[in-house]
Amino acid sequence: GILSAAAVRALASDLDALPTHVEGCVRLLAEGHTVPFIARYRQPETGGMAPPLLRRIDAASRDAASLAARCDAVVAALRKTDRLTAQLEAALRAAPTLAALEDVYAPHKSKPCSLAERARALGCEPAAQAMWRATIDDSGLSQALRAAAA
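Each value, and the rule that gives it
- Residues numbered from 1 in each chain as written.
- Predicted model: local features only at pLDDT ≥ 70, side-chain atom pairs only at ≥ 80, totals over all residues.
- Heavy atoms only, no water.
- Salt bridge = Lys/Arg side-chain N within 4 Å of Asp/Glu carboxyl O.
- Helix = DSSP H or I, 4+ residues; strand = E, 2+ residues; numbered from the N terminus.
- Buried < 20%, exposed > 50% of the residue type's maximum accessible area, 1.4 Å probe, protein only.
- Core = buried A, V, L, I, M, F, W, Y, C linked by side-chain atoms within 4.5 Å.
- Contact = heavy atoms within 4.5 Å.

## As for the pattern of salt bridges
And then number 1: As enumerated under the stated definition, the model contains ten salt bridges in all.
And then number 2: Glu 45 serves as the salt-bridge partner of Arg 27, at 3.3 Å between the closest nitrogen and oxygen. Taken as a pair, Arg 27 in helix α2 (residues 19-30) and Glu 45 in helix α4 (residues 43-46) lie far apart in primary sequence, 18 residues in all.
And then number 3: Here Arg 27 falls in the partly exposed class, since its relative accessible area comes to 37%.
And then number 4: Note on Glu 45: relative accessible area 30%, which makes it partly exposed.
And then number 5: Put simply, Arg 93 and Asp 72 hold a salt bridge, and the shortest N to O gap is 2.8 Å. Here Arg 93 is found in helix α6 (residues 86-94), whereas its partner Asp 72 is found in helix α5 (residues 51-80), with 21 residues between them in sequence.

Here it is, written out as structure tokens:
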């Protein structure tokens, strides 16, 4: 994954490294190089960072990629259900962690629906009530359901 410029600066500050070295490490990792390879053969681009630091950068890069992918999925789901506003999208994109993203998304999630709720939404409740009271037979039930579906 690719880190934003702000994330690179924050990570560089946290690791006491130069932002250019962190960017070099992120680029090398994105190109598919392994941490041991980078530590041994790409020291000039990373400022000679030790493998534990390289692994922290790798983890941060993966976390950023995972956050971006989840954010895109959430935005697509909300757009599909016409619940996405410009403010909500900005709040989702500004979320610094997956947990924060899920916290912003939680009130806007579509709730799982039981079979009974789906049947009520389709207008089948009167037919079910009549069947429960035993005031309707099979042919009447079929007619009531067809009327509800129409």
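## Remarks on the nonpolar core
And then number 1: Leu 11, Val 22, Leu 29, Leu 54 and Ile 57 are the most contacted members of the largest nonpolar core, which has 16 residues in total.
And then number 2: Here the element with the most residues in this core is α2; it accounts for five residues.
And then number 3: Each residue touching Leu 54, except ones within four places of it in the same chain, is listed here: Cys 25, Leu 29, Val 35, Ile 38, Ala 39, Thr 46 and Met 49.
And then number 4: Grouped together as the second largest cluster of nonpolar side chains are ten residues, Leu 67, Leu 78, Leu 92 and Ala 95 included.

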